[in-house]
Each structure stands twice: as structure tokens, then as C-alpha cells.
Amino acid sequence: MKRFSQQLFPILFILSVVQTFEVIAQDFYPLEARNTWSYQVFYNNYPQPTESVITQLGVLRDTLMPNGRIYTRLGHSDALGGTFVRVDSDYVYYFSPYSGNDVPMYNLRAAPGTVDTIVGWNLLRMSRVASITAQQIFGSQRMVRRYLFDGLVQYEVSLADGFGIVDALDKADGGWPFYAWWSIRGCIIRDTLYGTTVSVPENQGLPTRVNLYQNYPNPFNPNTTIKYQIPSKSYVMLTVFDVLGREVESLVNAIEEPGNKSVQWNTANVTSGVYFYQLRAEGFIETRKMLLVK
């Protein structure tokens, strides 16, 4: 009898949460026109201090993709790298531009503990519903579904009813506390503003020093993003080398204006392995390691 009660408790809790709120599955990733999200993204640059940037993404338009399905295109990829997204009453799906497949990412109907297999998305193999809880989000009580993703890399992502992604943790290969942590700071949903702002604050200013961030994601396949910052107009070189020190590709070789920069490396014609990327600017030289897994 005790064991039966223990098994029944999670089910009763979920039912009580559902009865408390009017829950529509599609609201866990609302994709109406003009919806916009603003996140504070913290990057762990160990052994250097953690750095943060403001990342904003919004709904652009519906797009018919080659697999015959209509997706909503975002202005910036989300925490798991999704740019073309669609939602039905069961799942949030991403379109994979490499395989052309419809990839089910978030199971919106599953109870805690449910495991789904993921095929063809950024080295992920499994998604699990970790918890379903009621939380205060921007001053209102909302149902929050937390997902754990595992494979050659690891993520944790929380979807809130009516808001979408409210936080995400990129654990990369699990060797660090985290590589990147996304935390929502504001959003506009159905023309209603939540939070204090959804734009980059005017007083954020220019960077005060040159800095090179860890690439994201890492390990990766086939693309990864490298971010860096420069405080003044400078001649910048960003170069990729193999383990023997041979130059593989020059990503940047130009004079650039000050600010936060982002470059994507496409590895369609590069084999798996360890690579190094090096930034040179204003006498600053730094090299970081990354892993391509195909």
C-alpha cells in the first residue's frame, strides 16, 4: 500500500497543477508574431572570470521548409540552437538544416521521468522530463516543465507556460560546472511586456578589454560559434589550427570596430578531431581548444 501511494503521488501532483492552471501545450513555446525574448547569457571562461552578454531573439515569420512542414523562424538561435521551430499539442520540434528532418525536442504531454530518443540534433541522444512544478515567473504562478538532455553533450532547459524558455544550462561534456547559462530577463508575449526591458541597456557600453570566449557548443557537429570582444578599433586575426599547428582556416583577418563579435565556423569539409582557435588583437594573443565529433 505504501509503495502504491509513493507511485501515485507524482500523478496526483501533476493533476493538481493542471487543475490549478488552464494549460495549453503550445503555450510552452509561444510563437505568435512579434513575440520577443531577452536573456542574460553567462559564459564560464575558467580560469578567467565569468562573462555575460545580452542575447535577444524574436519571432520573424513562418517558413515552408524542404520537408514540407511550416516552421517559425527566430531572429537568433535559442539556447539549444533552434532557429526554425514548430509546436503542436505534443512536442516542440526543431528543423535540422543538415538532415532535413523534423526533430522532436520537448515532449509537452509527458509526465516526469519520461524519456524520449532524439535523433540528429547537436550530439544529443536523449531527452527526459525532469520535473513539473509551479513557479513564480514575472510575478505570476506558472507551470514549469524542466528537461534534461544527454548525449556527447548535456543541457538542462526549463519551459514555462505562457513564456517559453526561461532558463537553460549548457554543461557541454559535463567537465565544467557549466559552459553557458541562459536566464530570461524580459519578454514581449502577445503584445504584453514582462520584465524590466527586452533591449540591450544603453549603459552597457563598449568592452574594456580584449577577450576570447569558449566556443559554443563544444563538442560540436558540424558548426560552432566563437565569440570575442575588442575595446577599440583594431586589426583582428581569428585562426583555426589542427593539433600539429597547421592553419586550417582563417575566420577573421581584418580591421574591426569595437564591440562584441561572433563568428561561426562551418566544418562541412573538416574531419573529426581536436582543433585550436587563436585570437590576435591589440597585442593580445589567446588560444582555446575545441572538439569536432562527426
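Preceding this paragraph is the structure being described.
These numbers come from a predicted model, not from an experiment.

*Asks:* Tell me about the pairing of strand β7 (residues 115–121), and name the residues and values.
*Replies:* Summarising the sheet, β7 and strand β8 (residues 124–137) pair through 4 bridges and their orientation is antiparallel. From the neighbouring strand, Thr117 faces β8, where its bridge partner is Met126.

*Asks:* An account of the packing of aromatic side chains is needed here, citing residue identities and associated values.
*Replies:* Per the stated rule, a full pass over the model turns up 16 aromatic pairs. Centroid distance Phe42 to Trp181: 5.0 Å. Interplanar angle 20 degrees. Geometry classified as stacked. Within this pair, whereas Phe42 is found in strand β1 (residues 36–43), its partner Trp181 is found in strand β12 (residues 180–189), the two being separated by 139 residues in sequence. Its relative accessible area of 36% is what places Trp181 among the partly exposed residues. Residues Tyr94 and Tyr106 carry aromatic rings whose centres are separated by 6.3 Å and whose planes lie at 75 degrees to one another, so their mutual orientation is edge-to-face. Highlighted residues: Tyr94 in strand β5 (residues 91–95) and Tyr106 in strand β6 (residues 102–107), separated in sequence by 12 residues. Each member of the pair Tyr94 and Tyr106 is classed as buried. Pairwise contacts between aromatic rings join Tyr94, Tyr106, Trp121, Tyr147 and Phe149 into one cluster. It is Arg86 that lies over the ring of Tyr93; its NZ or CZ is 3.9 Å from the centre.

*Asks:* Go over the nonpolar core with me, naming the residues and quoting the values.
*Replies:* Within the largest apolar cluster, 49 residues are counted, with the highest numbers of intra-cluster contacts made by Leu80, Tyr94, Met105, Tyr106, Phe149 and Trp182. In terms of residue count, β12 provides more of this core than any other element does, 5 residues in total. If near-sequence neighbours (up to four positions away) are discounted, Leu80 is found in contact with Tyr94, Met105, Tyr106, Trp121, Asn122, Leu124, Phe149, Tyr155 and Val157. By size, the runner-up hydrophobic cluster in this structure holds 20 residues, among which are Leu212, Phe220, Leu251 and Tyr275.

Thresholds, definitions, all that
- Along every chain, residues carry numbers that run from 1 in the direction the sequence is written.
- Under the rules for a predicted model, residues below a pLDDT of 70 receive no local features and side-chain atom pairs below 80 are neither given nor counted, while totals for whole chains, interfaces and linings still include all residues.
- To get the side-chain values, take all heavy atoms of the structure and skip hydrogens and water.
- Pairing between strands requires that DSSP locate at least two bridges from one strand to the other.
- In this description a helix means any DSSP run of H or I spanning at least four residues, a strand means any run of E spanning at least two, and both kinds are numbered starting from the N terminus.
- Between rings of Phe, Tyr and Trp, where Trp is taken as its six-membered ring, a pair exists when centres lie within 6.5 Å; planes separated by under 30 degrees are stacked, by over 60 edge-to-face, and by other angles tilted.
- Remark: exposure states derive from per-residue accessible area (1.4 Å probe, protein chains only) relative to the maximum for the residue type, with buried under 20%, exposed over 50%, and partly exposed in between.
- Both a distance and an angle decide whether a charge sits over a ring: NZ of Lys or CZ of Arg must be within 6 Å of the ring centre and within 35 degrees of the ring normal.
- Among buried residues, the Ala, Val, Leu, Ile, Met, Phe, Trp, Tyr and Cys ones that are joined through side-chain atoms within 4.5 Å form a nonpolar core.
- The contact criterion used is simple: two residues touch if any of their non-hydrogen atoms lie within 4.5 Å.

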